[in-house]
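Per-entry structural report
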Amino acid sequence: MPGEYGLCAVLVVRGDLIRVQGVWHEVRASRLERFMTGGAVIVLTLAERPPLRVPVFLRLEVSR
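As the structure is a computational prediction, the values presented were derived from the model and not from experiment.

Re the environment of Ala40
As for its position among the elements, Ala40 is in strand S4 (residues 40–46). As a C-alpha pair, Ala40 and Arg53 span 13 residues in sequence and 9.9 Å in three-dimensional space.

Structure follows, in structure tokens:
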């Protein structure tokens, strides 16, 4: 797929396509969740599967 990148999860935005288990999914929304311990995760709302919670620093395969 043209325009593929390896990006940190925190940089993924609405409209991006991400590869999850070999299948591309459209990102409908993203939000940051913080823990009381200081950690954070990105919650990605995807078009055709349940929301995906990933660490902010995790690199994802993204197409724009």
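From this point, the narrative continues.
Here we look at the pairing of strand S2 (residues 17–20)
The two faces of a sheet get side chains in turn, since along a regular strand they alternate between them. Of the two faces of S2, only one is covered, namely that formed by Ile18 and Val20; the face formed by Leu17 and Arg19 stays uncovered. Where S2 and strand S3 (residues 23–34) come together, four bridges link them in antiparallel fashion. Directly across from Leu17, in S3, lies its bridge partner Glu26. Turn length for the S2-S3 hairpin, with the two strands adjacent in sequence and antiparallel, is two residues, and the turn residue Gln21 shows positive phi of about 50°. One ladder, built from two bridges, connects S2 with strand S6 (residues 59–63); its direction is antiparallel. Paired with Leu17 across the strands is Ser63, a residue of S6.

So, the nonpolar core
In this structure, Val12, Ile18, Leu44, Leu52, Val54 and Leu60 are the most contacted members of the largest nonpolar core, which totals 13 residues. Going through the elements one at a time, S2, S4, strand S5 (52–55) and S6 are the ones with two or more residues in this core. Among the elements that make up this core, the one with the highest residue count is S4 (three residues). Those residues in contact with Val12, other than ones at most four positions away along the chain, are Ile18, Val27, Ser30, Leu44, Leu60, Val62 and Arg64.

The rules behind the values
- Residues numbered from 1 in each chain as written.
- Predicted model: local features only at pLDDT ≥ 70, side-chain atom pairs only at ≥ 80, totals over all residues.
- Heavy atoms only, no water.
- Helix = DSSP H or I, 4+ residues; strand = E, 2+ residues; numbered from the N terminus.
- Buried < 20%, exposed > 50% of the residue type's maximum accessible area, 1.4 Å probe, protein only.
- Pairing = 2+ DSSP bridges.
- Core = buried A, V, L, I, M, F, W, Y, C linked by side-chain atoms within 4.5 Å.
- Contact = heavy atoms within 4.5 Å.

The analysis is restricted to geometry; functional conclusions fall outside its scope.
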